[in-house]
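# Topology and contacts: notes
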Amino acid sequence: MLSFCPFPVCMSCSHHTPYRGRFAPSPSGDLHFGSLVAALGSYLDARAHQGQWLVRMEDIDPPREVAGASVSILNTLEQFGLCWDEPVVYQSQRHEFYRDSLASISANHACYGCDCTRKMIMQGGGLYQSHCVDKAVESLANPHSIRFNNQQGLDHFDDRLHGRVTVAQDFAQEDFILKRKDGLYAYQLVVVLDDIDQKITDIVRGSDLLEVTTRQMTLYQYLEQPFARYLHLPLAVTDNGLKLSKQNHAKALDLQNKRGLLIDALSFLGQKVTHEYQDFTIEQLLEFAAKNWSLKTMSKQAQIISY
Ligand code: GLU
Ligand code: ZN
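Residue positions are counted from 1 within each chain, in the order its sequence is given. The naming scheme follows written order: chains are lettered A onward, ligands numbered 1 onward. Totals for whole chains, interfaces and linings use all residues, but because this is a predicted model, local features are given only for residues with pLDDT of at least 70 and pairs of side-chain atoms are given and counted only at 80 or more. Excluded from the side-chain calculations are hydrogens and water; all other atoms, namely the structure's heavy atoms, are used.

Okay, the overall build of the chain next. Helix and strand counts for the chain stand at nine helices and 12 strands. Here the chain has a C-alpha radius of gyration of 20 Å; the compact-globule value for 307 residues is 19 Å, and the two agree. Projected onto its principal axes, the C-alpha coordinates of the chain cover approximately 70 × 50 × 35 Å. A simple rule labels every residue: compare its accessible area, found with a 1.4 Å probe on the protein chains alone, to the largest value its type can have, and call it buried under 20%, exposed over 50%, or partly exposed in between. Out of the 307 residues in the chain, the part that is buried amounts to 52%. Taking all contacts inside the chain whose residues are at least 6 apart in sequence as the whole, residues at least 24 apart take part in 77%. Methods summary: accessible areas were calculated by the Shrake-Rupley approach with a probe of 1.4 Å, and residue burial reflects only the protein chains presented. In the form shown here, the chain has an accessible surface area of approximately 15300 Å², with 52% of it arising from carbon and sulfur atoms. Here the positive residues are Lys and Arg and the negative ones are Asp and Glu; neither His nor the chain ends is included. By convention, charge coordinates are those of NZ in Lys, CZ in Arg, CG in Asp, or CD in Glu. Of the charged side chains in the chain, 29 are positive and 35 negative, and the gap between their average positions amounts to 2 Å. The helix count covers DSSP runs of H or I at least four residues long, the strand count covers runs of E at least two residues long, and both are numbered beginning at the N terminus. We compute the radius of gyration over the C-alpha atoms and compare it with the globule rule, which gives 2.2 Å times the number of residues raised to the power 0.38. We call two residues in contact whenever any of their non-hydrogen atoms come within 4.5 Å of each other.

As structure tokens, this is what we get:
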């Protein structure tokens with residue numbers, strides 16, 4: 001039986017899979033306004049589709065992590081009423097799954113070892129030119145990275161907000177890294193393995209990941225899995241155009257002003273904000289915002305924000 005999606009601006013009603021969305025923070029610091037926007041946007045889109053919303057902690061890169069950030073992010077989400085529907089998945093606990101998945105990609109000869117240095121790649125113009133594709137593993141210096149042998153790189157996709165997004169051919173065809181020289185799994189690999197494994201149907205996140213979406217979809221295609229739908233939200237940037245982040249000294253969220261911050265995040269996302277919101281509880285506010293969730297008034301531009 002076909003189910004009817006009541007969501008007025010839903011552009012994906014041709015799919016009748018149940019909606020499963022996620023927020024996937026890296027614990028490199030506390031939540032800031034930019035990550036609140038991403039969390040809120042993915043949460044509201046899931047709720048507007050009567051979907052499930054999951055949280056996955058992308059703690060796959062210990063050198064970039066800050067002690068205590070995972071706990072603090074989860075606490076902050078809870079304080080903002082952003083409650084997830086299944087136990088949090090931690091990438092740091094899934095190394096075996098990544099190892100086995102990469103082993104089967106390797107068994108299919110779809111990846112290869114590369115010991116090129118960053119300097120060599122920069123000298124060649126910055127994009128990697130499959131230099132090591134035919135090298136025997138024994139001939140490689142150790143340590144070396146593992147690259148995807150990218151035969152059918154996708155150069156475009158359709159985003160629910162941005163429409164057709166196209167990337168440069170050489171970017172689309174680059175043999176990107178699946179496992180880094182330092183032994184850590186690359187974000188591009190594990191994000192796809194986990195989104196598939198968790199049966200995520202809808203990926204809603206910041207527009208800083210627009211371009212690399214083509215790489216992630218290239219992996220879906222290689223793995224013969226149906227693509228997720230994508231919605232890339234406007235990005236909060238500093239006045240010199242940098243993504244709001246811990247490194248750019250984004251201010252910590254003031255938990256005394258949760259309602260105010262949620263209202264600011266909603267208007268950042270182009271959502272209708274009324275005076276009534278001032279009297280709402282956090283729960284009422286989220287419920288109301290989910291009911292009225294719309295992409296029609298959402299900006300496609302990155303926006304300067306002074307938090
Ligand atoms: N962990 C990534 C980040 O915090 C986001 C991954 C994603 O949403 O696909 O930038
Ligand atoms: Zn190489």
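So that's the structure; there's more coming.
The full set of residues close to ligand 1 is Arg22, Ala24, Ser26, Glu58, Tyr187, Val191, Arg205 and Leu209. A distance of 2.8 Å is found between an oxygen atom of ligand 1 and a side-chain nitrogen or oxygen belonging to arginine 22. Pairs of N or O atoms within 3.5 Å make up the polar contacts considered here, provided that, within protein, one atom can donate a hydrogen while the other can accept it, and that residues adjacent in sequence are counted only when both atoms are side-chain atoms. Measuring from a nitrogen atom of ligand 1, one finds a side-chain N or O atom of serine 26 at 2.9 Å. If a single non-hydrogen atom of a residue is within 4 Å of a molecule or strand, that residue counts as near it.

Our next topic: the coordination of the zinc ion (ligand 2). Metal donors were taken as nitrogen, oxygen and sulfur atoms no farther than 2.8 Å from the ion, or 3.2 Å where the ion is Na, K or Ca. Water is excluded, so coordination may look unfinished. Surrounding the zinc ion (ligand 2) are the protein donor atoms Cys114 (SG), Cys116 (SG), Tyr128 (OH) and Cys132 (SG), at 2.2 to 2.3 Å. A four-donor site is called tetrahedral if each angle lies between 85 and 135 degrees; a four-donor site is square planar, and a six-donor site octahedral, when trans pairs exceed 155 degrees and the remaining angles lie between 65 and 115; all other cases are labelled irregular. With four donor atoms in place around the zinc ion (ligand 2) and angles of 97 to 122 degrees between them, the coordination shape is tetrahedral. For tyrosine 128, a relative accessible area of 5% gives the class buried. Judged by its relative accessible area of 0%, cysteine 132 falls in the buried class.

The salt bridge definition used is simple: a Lys or Arg side-chain nitrogen within 4 Å of an Asp or Glu carboxyl oxygen. Going through the model one piece at a time under the given rule, you end up with 18 salt bridges. The closest approach of N and O atoms between arginine 56 and aspartate 194, which form a salt bridge, is 3.9 Å. In this pair, arginine 56 sits in strand E2 (residues 52–57) while aspartate 194 sits in helix H6 (residues 187–197), placing the two residues 138 residues apart along the sequence. Pair check on accessibility: arginine 56 and aspartate 194 agree, each one buried. A salt bridge links arginine 180 to aspartate 61, with the shortest nitrogen-to-oxygen separation between them at 3.2 Å. One end of the pair, arginine 180, is in the loop between strand E8 (177–179) and H6; the other, aspartate 61, is in the loop between E2 and helix H2 (69–79), with 119 residues separating them in the sequence. Taken together, the shared-partner salt bridges in this structure form one network comprising Arg22, Arg56, Glu58, Arg94, Asp194, Asp195 and Asp197.

Now for helix H9 (residues 282–291). For H9, the complete set of buried residues consists of Ile282, Leu285, Leu286, Ala289 and Ala290. Each buried residue of H9 sits inside an arc of 130 degrees when the element is viewed along its axis, so together they form one side. Projecting away from the buried face of H9 at angles above 90 degrees are the exposed residues Glu283 and Lys291. Residues of H9 that are buried in the fold lie against helix H1 (33–48) and helix H8 (258–268). Directions pointing from the helix axis toward each C-beta atom define the arc.

What follows is about the side chain of aspartate 59. Within the secondary structure, aspartate 59 sits in the loop between E2 and H2. Arginine 56 is the oppositely charged side chain nearest to the buried, salt-bridge-free aspartate 59, at an N-O distance of 8.4 Å. For aspartate 59, the side chain forms a polar contact with the main-chain nitrogen of glutamine 91, separated by 3.0 Å. Leave out the neighbours within four places in its chain, and aspartate 59 touches Pro27, Glu65, Tyr90, Gln91 and Ser92.

With that settled, the discussion passes to the nonpolar core. Buried residues of nine kinds, namely Ala, Val, Leu, Ile, Met, Phe, Trp, Tyr and Cys, make up a nonpolar core once their side-chain atoms join them within 4.5 Å. With 48 residues, the main nonpolar core has Phe33, Leu40, Leu44, Leu77, Leu82, Leu286 and Trp293 as its most contacted residues. Counting only elements with at least two residues in this core, the list comes to H1, E2, H2, strand E10 (229–233), H8 and H9. Of all the elements, H1 adds the most residues to this core, at 10 residues. Core analysis: the next-biggest nonpolar cluster, separate from the first, contains 28 residues, Ile60, Leu102, Tyr185 and Val190 among them.

Moving on, we get to the packing of aromatic side chains. Pairing of aromatic rings covers Phe, Tyr and Trp, the last through its six-membered ring, and needs centres within 6.5 Å; plane angles under 30 degrees mean stacked, over 60 mean edge-to-face, and all others mean tilted. One pass over the structure, following the stated rule, counts 12 aromatic pairs. Considering the side-chain rings of phenylalanine 23 and tryptophan 53, the 6.4 Å spacing of their centres and the 15 degrees angle between planes classify their relative orientation as stacked. A residue pair is termed long-range when its members are at least 10 positions apart, and phenylalanine 23 in strand E1 (residues 20–23) and tryptophan 53 in strand E2 qualify at 30 residues. Under the relative-accessibility criterion, tryptophan 53 is labelled buried at 0%. Seen in terms of ring centroids, phenylalanine 33 and phenylalanine 268 are 5.9 Å apart; in terms of plane orientation they differ by 85 degrees. Their pairing is edge-to-face. Taken together, the residues phenylalanine 33 in helix H1 and phenylalanine 268 in helix H8 connect sequence positions 235 residues apart. For the residue pair phenylalanine 33 and phenylalanine 268, the accessibility class agrees, reading buried in each case. Two conditions define a charge sitting above a ring: the NZ of Lys or the CZ of Arg must be within 6 Å of the ring centre, and it must be within 35 degrees of the ring normal. A cation sits over an aromatic face here: arginine 147 above tyrosine 128, 3.6 Å from the ring centre. Cation over ring: arginine 215 sits above phenylalanine 171, and NZ or CZ is 3.9 Å from the ring centre.

That's the geometry; what it means functionally is another story.
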